[in-house]
Amino acid sequence: MKFGKTFESLLTSEWRQQYMNYADLKAMIRDATENAPDPKEASTFEIESYFNDFETLFFSTCLEELNRVNEFFKQKISEARRKLATLKYQFLVSDRHRDPLGHAKSKMHLDDGEQRNPLSQRKLRLASTEFYLSLIMLQNYQTLNQTAFRKICKKYDKYIRSSEGASWYHDNALYAEFAKATELMAMVTSVEDLYTGYLANGDRSKAMAKLRVPPLGEKTSPTRVFFAGLFLGLFIVGAVMSVISWFSLDLKPGFEFMFVSLLRGPIMLVFYGIYLALNVGIWQKVGINHVLIFEVEPRNHVGFLGVLEIVCFFGYLCTIVILGYLYNDEFGIEEYYILPLIYMTIMAVMFLNPIRVMNFHLRLWLLQLFGRVLAAPLFYVSFADFWVGDQLTSMVQCLVDHYYLVRFYIRYLLYKLDNLYGFEPDYGVAVIRCLPAWFRLAQCLRRYRDSGSKSKVYLMNAAKYSLAIMVVVFSTIQMETNAKYDYMFQNPWAWLYICTAFLTSVYSLGWDLLQDFGLFRIWKRENLFLRENLVFPKWFYYFAILENTLLRFVWILEIVLVHFDVLTVYHCKSLIIFCEITRRFVWNLLRLENEHLNNCGKFRATRDIFLTALNPTEELLLERMMDESDHRLSSRLSRHPTPDPERPRLDKKYF
């Protein structure tokens, strides 16, 4: 792979604008050589003037790039100094307030009389690993930029037939501020020593196992690639066979209704999983750091192939259940109604399995995530929390279908009721339809409470979900009262439902485009109706605007199709949920892109772990610790000085 592609693939996307612009400098060299005067037509003086002018322009541009890299590095190393001093102080305080058995005491007493709960080892461990990750990323920033400057200077000398590139690199880049690795290496070693001494009981191998960061460009495990490909192939074959069987078999209406009622929920869950795997793959492809956005541990996160492997495995199991249900006579399955229950049981057992196998970290993270969503508004709301809440609002019908499944099997296995095959809605359905909107409403109120600015945006977002709950209430009343009227539009509750649903769709559409996608920031020039920074091709945003607008109002199509008997209700519901899952797929791409651009604007590439606020006395102590650290580093540099930039220049063998 050429260095330009390697450079783009390995850089930290949130710092993209702060790297040296290798591609533009390379393009300058290419244009200069292509547009150089023809030796047959131009004089030697003209050719020398052309290349001298280009040399001045090129190296002045390199110097601008170098200054920008230096300034960013100095900013980050200054932040790292303070973070390291704060971390050291918290380790010292935490260790000082432990009893002889190593347990933290309930309170720590500061010099000014203030009492404070000591920090837990979990929080110190999390802060240490995140800070260590940030230092490794800063090291990678050093390495990539230094290599890029070296490569571009080498390329200059090669195509311009000069030695000025090597000279400029030696005089300016080789000993630049960002290229000094001593202080950064000392910080990395300090974090390793702190973790080893305070959190790993002196076991350095154990500490490094927790701190170690996967190398840049690390290839996916061949085992994961094999199983992802295997399950994808099996799923595709099973899905094709299922579709062909559905359309080729002569199914009775009652059998078809039961099939859709029992298996629509699991099938749509698989469709959603496929879309989610595509989301992860696209995020990785375009450089959207979903690992940071969701605050997942980067050392053991599951990438695109991991998600694809999981989804295709369950998708393949689902196709086996479908084929077994459709061909129950051929397979001799008398109790074929039990097949979806077996599938759901396998999923539940594998997901809730407490053994540390089968993506244990992912399953634990998901359980904690769903727990916080269900308990809203009792917990602080992170991006992952309200993102999951938004996913659930699109999966309402899928949740209802699974509720029908549970109700069916309770009747089927426990009570043997006469209305076993009834999938009519009840008040439990209304409650389930309200739950996702309630979760998001509660999360918005919690975010408003936790925000220091008390931004009205959170309340405006809460109003959107309040309207969604009103839609469920009015539609439930409308369905309960329809029997009193000859047709639906005679029912006044139907008009109240339609008006509220229309208002909710308009409100939600505006929120999607303006807040979630961050579009309509520019009303002229080439990015009309979009925004300044774009990750995807421009056409995709216009497609997303049109697609989101149409699918936000797809419920109108359901009313029309059912009213004119074009489709049955359960077929319409299948169409609606598929459209909504598709809309959510596109929404996920643009929502995370918008969040990613916010992180890029703040140069935020790792999680910010807040330890505790320091009082004035602690601030003075912290400054003293930083001064002592700087003094020790200066002493070390005086004993091992940086090579003199004025020494004789290196020849091209350096490259």
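Overview of the structure. No experiment lies behind these values; they were computed from the predicted model shown. (Residues numbered from 1 in each chain as written. Predicted model: local features only at pLDDT ≥ 70, side-chain atom pairs only at ≥ 80, totals over all residues. Heavy atoms only, no water.)

Let's talk about the overall build of the protein
- A tally of regular secondary structure across the protein gives 23 helices and two strands.
- Looking at the protein as a whole, 46% of its 655 residues qualify as buried.
- In the protein, the share of contacts with a sequence separation of at least 24, taken over all contacts with a separation of at least 6, comes to 74%.
- Working note: accessible area of the protein is about 34,800 Å², and carbon and sulfur atoms make up 61% of it. (Helix = DSSP H or I, 4+ residues; strand = E, 2+ residues; numbered from the N terminus. Buried < 20%, exposed > 50% of the residue type's maximum accessible area, 1.4 Å probe, protein only. Contact = heavy atoms within 4.5 Å. Areas by Shrake-Rupley, 256 points an atom, 1.4 Å probe, with all protein chains shown as cover.)

What to know about helix α19 (residues 492-516)
- Taking 1.5 Å as the rise per residue, α19 with 25 residues should run 36 Å; its terminal C-alpha atoms sit 34 Å apart, in good agreement.
- Capping the start of α19, asparagine 491 holds a side-chain oxygen 3.0 Å from the backbone nitrogen of tryptophan 493, two or three residues further along. (Expected span 1.5 Å × (residues − 1). Polar contact = N/O pair within 3.5 Å; in protein donor to acceptor, adjacent residues only side chain to side chain.)

Remarks on the nonpolar core
- Core analysis: the biggest nonpolar cluster contains 86 residues, and Leu262, Tyr325 and Trp387 have the highest contact counts within it.
- Residues contacting tryptophan 387, with those up to four places away along its chain left out, are Tyr272, Leu276, Trp283, Phe294, Trp587, Asn588 and Leu592. (Core = buried A, V, L, I, M, F, W, Y, C linked by side-chain atoms within 4.5 Å.)

What to know about the pattern of salt bridges
- Scanning all chains against the criterion turns up 22 salt bridges.
- Arginine 224 is the salt-bridge partner of glutamate 309, the closest N and O atoms lying 3.1 Å from each other. Here arginine 224 lies in helix α8 (residues 222-248) and glutamate 309 lies in helix α11 (residues 304-326), a separation of 85 residues in the sequence.
- One salt bridge connects aspartate 426 with arginine 407, and the closest N-O pair in it is separated by 2.8 Å. Taken together, the residues aspartate 426 in the loop between α16 (396-415) and α17 (427-450) and arginine 407 in helix α16 connect sequence positions 19 residues apart.
- Aspartate 426 sits in the partly exposed class, given a relative accessible area of 27%.
- Among the charged side chains, a salt-bridge network with shared partners connects Asp512, Arg552, Glu580 and Arg583. (Salt bridge = Lys/Arg side-chain N within 4 Å of Asp/Glu carboxyl O.)

What about unusual backbone geometry?
- Residues alanine 376 and proline 377 are joined by a peptide bond in cis, for which omega reads 10°.
- Inspection of the secondary structure assignment puts proline 377 in the loop between α14 (360-374) and α15 (383-394).
- Positive phi is not limited to glycine here, since glutamate 295 has a value of about 55°.
- Counting through the fold element by element, glutamate 295 comes out in the loop between α10 (290-293) and α11.
- For glutamate 295, a relative accessible area of 36% corresponds to the partly exposed category.

A few points about the side chain of threonine 86
- Within the secondary structure layout, threonine 86 lies in helix α3 (residues 44-96).
- Judged by its relative accessible area of 14%, threonine 86 falls in the buried class.
- A polar side-chain atom of threonine 86 sits 2.8 Å from the main-chain carbonyl oxygen of arginine 82.

Some details on the packing of helix α6 (residues 182-199) against helix α7 (residues 204-211)
- Across the interface, α6 lies against α7 with an axial gap of 9 Å and an inter-helix angle of 120°. Here α6 lies oblique to α7, going by the angle between them. Between α6 and α7 lies a crossing of right-handed hand. Taken together, the residues of α7 that come into contact with α6 (itself represented by Val191, Glu192, Asp193, Tyr195 and Thr196) are Arg204, Ala207, Met208, Lys210 and Leu211.
- Classifying every residue of the contact of α6 with α7 gives five nonpolar, one polar and four charged. (Axes fitted to C-alpha atoms, helices over the stretch in contact; angles between N-to-C directions. Parallel < 35°, antiparallel > 145°, perpendicular 65-115°, else oblique. Left-handed = near helix turned anticlockwise from the far one by under 90°. Nonpolar A, V, L, I, M, F, W, Y, C, P; charged D, E, K, R; others polar.)

Observations regarding the packing of aromatic side chains
- On inspection of all chains with the given rule, the structure shows 51 aromatic pairs.
- Judged by centre distance (5.2 Å) and plane angle (75°), the ring pair of phenylalanine 226 and phenylalanine 227 falls under edge-to-face.
- Accessibility expressed as a relative area gives 32% for phenylalanine 227, which makes it partly exposed.
- Among the aromatic side chains, those forming a connected cluster through ring pairs are Trp246, Phe255, Phe259, Tyr325, Tyr336, Tyr337, Phe408 and Tyr409.
- A cation over a ring is seen here: arginine 584 above tryptophan 587, with NZ or CZ 4.4 Å from the ring centre. (Phe/Tyr/Trp six-rings, centres within 6.5 Å; stacked < 30°, edge-to-face > 60°. Lys NZ or Arg CZ within 6 Å of the ring centre and 35° of its normal.)

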